[in-house]
Amino acid sequence: AQSVAQPEDQVNVAEGNPLTVKCTYSVSGNPYLFWYVQYPNRGLQFLLKYITGDNLVKGSYGFEAEFNKSQTSFHLKKPSALVSDSALYFCAVRDPLRGSARHLPFGSGTQLTVLP
Amino acid sequence: DVKVTQSSRYLVKRTGEKVFLECVQDMDHENMFWYRQDPGLGLRLIYFSYDVKMKEKGDIPEGYSVSREKKERFSPILESASTNQTSMYLCASRTLPGQENQPQHFGDGTRLSIL
């Protein structure tokens, strides 16, 4: 089965400090991994994805994520947090070798709060 | 940019009513999805449509039906609304070519309250 976990419901960080939002996955093959962000009263917005190639993926708004196959992780990072980064973040995973096209398991979400 | 439009941001309905949710996308995407989002439960898939007139049950289809008569529109129906269907509903679309590695594009959501 394919699944994804976000071990932290809440992450607090001071403005200007680096931030990390954690994601681990479980798939039988090589995963496709995605990060989305949800601002209050809005839908999810795509941030970045890992399909293949370089383990460090850069995305929108200065975010990046590192794919670590040995640790089955895909943590979202940003070198210097902004108050405007405060939002709900979702990780999603797909095993391209199995599962129907419909299925894109999302994590339960991590609420990031950046304190001024 | 892809635009996925959910016609209602907020809806308040009564128990037993028939409720229609609407979603339209403007990028000719084949795949469309409906999710509900509840605190602590993340996103749960209600229905998915591969293409026009094609639909597949998601993880929690009970109490919902859907129609996909036109490619741009994917509309779920709550046949007889119940209070446990109070939730945030999110529509998404995705292109078919290379679908496995394409992101979904989401609407802004419809917050539905059943009284």
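See the structure shown above.
From a predicted model like this one, the values you see are computed outputs, not experimental measurements.

Rules used in this analysis
- Residues numbered from 1 in each chain as written.
- Chains lettered and ligands numbered in written order.
- Predicted model: local features only at pLDDT ≥ 70, side-chain atom pairs only at ≥ 80, totals over all residues.
- Heavy atoms only, no water.
- Helix = DSSP H or I, 4+ residues; strand = E, 2+ residues; numbered from the N terminus.
- Rg over C-alpha atoms; globule rule 2.2 N^0.38 Å.
- Buried < 20%, exposed > 50% of the residue type's maximum accessible area, 1.4 Å probe, protein only.
- Contact = heavy atoms within 4.5 Å.
- Areas by Shrake-Rupley, 256 points an atom, 1.4 Å probe, with all protein chains shown as cover.
- Pairing = 2+ DSSP bridges.
- Axes fitted to C-alpha atoms, helices over the stretch in contact; angles between N-to-C directions.
- Phe/Tyr/Trp six-rings, centres within 6.5 Å; stacked < 30°, edge-to-face > 60°.
- Buried area = accessible area lost by both parts, 1.4 Å probe.
- Salt bridge = Lys/Arg side-chain N within 4 Å of Asp/Glu carboxyl O.
- Polar contact = N/O pair within 3.5 Å; in protein donor to acceptor, adjacent residues only side chain to side chain.

Novice: Mind laying out the overall build of chain B, listing which residues take part and the relevant values?
Specialist: When its secondary structure is counted, chain B shows zero helices and 12 strands. Listing the helices and strands of chain B from first to last along the sequence gives β-β-β-β-β-β-β-β-β-β-β-β. On C-alpha atoms alone, chain B measures out to a radius of gyration of 13 Å, which is about the 13 Å that the 2.2 N^0.38 rule sets for 115 residues. In terms of principal-axis extent, the alpha carbons of chain B reach across some 40 × 30 × 25 Å. Within chain B, the fraction of its 115 residues that count as buried is 48%. Counted over contacts in chain B with a minimum sequence separation of 6, partners at least 24 positions apart contribute 57%. For chain B, the accessible surface area stands at approximately 5,500 Å², while carbon and sulfur atoms represent 50% of it.

Novice: I'd love a proper account of the sheet that holds strand 11 (residues 110-115) of chain A, names of residues and values included.
Specialist: All names here are of chain A. Taken together, the five strands give an open sheet; going across it, the order is 2-11-10-5-6, and neighbouring strands pair in mixed fashion. With one partner strand each, in any of the chains shown, strand 2 (10-14) and strand 6 (44-50) form the two edges of the open sheet. Pairs of neighbouring strands in the sheet enclose a mean axial angle of 25°, with direction left out of account. Examined bridge by bridge, strand 5 (residues 32-38) and strand 6 share six bridges and lie antiparallel to one another. Following the sheet pairing, Trp35 is matched in strand 6 by Leu48.

Novice: Any chance you could break down the packing of aromatic side chains for me, citing the residues and the numbers?
Specialist: Applying the stated criterion across every chain yields a total of 15 aromatic pairs over all chains. Aromatic pair A:Tyr36 and B:Phe106: ring centres 5.7 Å apart, planes at 85°, arrangement edge-to-face. With A:Tyr36 in strand 5 and B:Phe106 in strand 11 (residues 105-106), the pair connects residues from two separate chains. Pair check on accessibility: A:Tyr36 and B:Phe106 agree, each one buried.

Novice: How would you summarise the interface of chain A and chain B if you had to cite specific residues and measurements?
Specialist: Listed as interface residues are 23 residues of chain A and, on the opposing side, 27 residues of chain B. Here chain A and chain B share an interface that buries about 2,000 Å² over both sides, 50% of which is from carbon and sulfur atoms. Here A:Arg42 makes a salt bridge to B:Asp108, at a shortest N to O gap of 2.9 Å. If you look at where chain A meets chain B, you find five residue pairs in polar contact (both at pLDDT 80 or more).

Novice: Explain the pairing of strand 8 (residues 64-68) of chain A to me, and be specific about the residues and the numbers.
Specialist: Successive side chains on a regular strand alternate, one facing one side of the sheet and the next facing the other. Residue and element names in this part refer to chain A. The pairing of strand 7 (residues 56-58) with strand 8 spans three bridges and is antiparallel. Counterpart to Val57 in the pairing with strand 8 is Ala65. From the end of strand 7 to the start of strand 8, which pair antiparallel, there are five residues, and Tyr61 there has a positive phi angle of about 60°. Two elements, strand 8 and strand 9 (residues 73-78), share five bridges in a ladder whose sense is antiparallel. Residue pairing in the sheet places Glu64 in a bridge with Lys77 of strand 9. Linking strand 8 back to strand 9 in an antiparallel pair, the connection comprises four residues, with Thr72 at a positive phi of about 45°.

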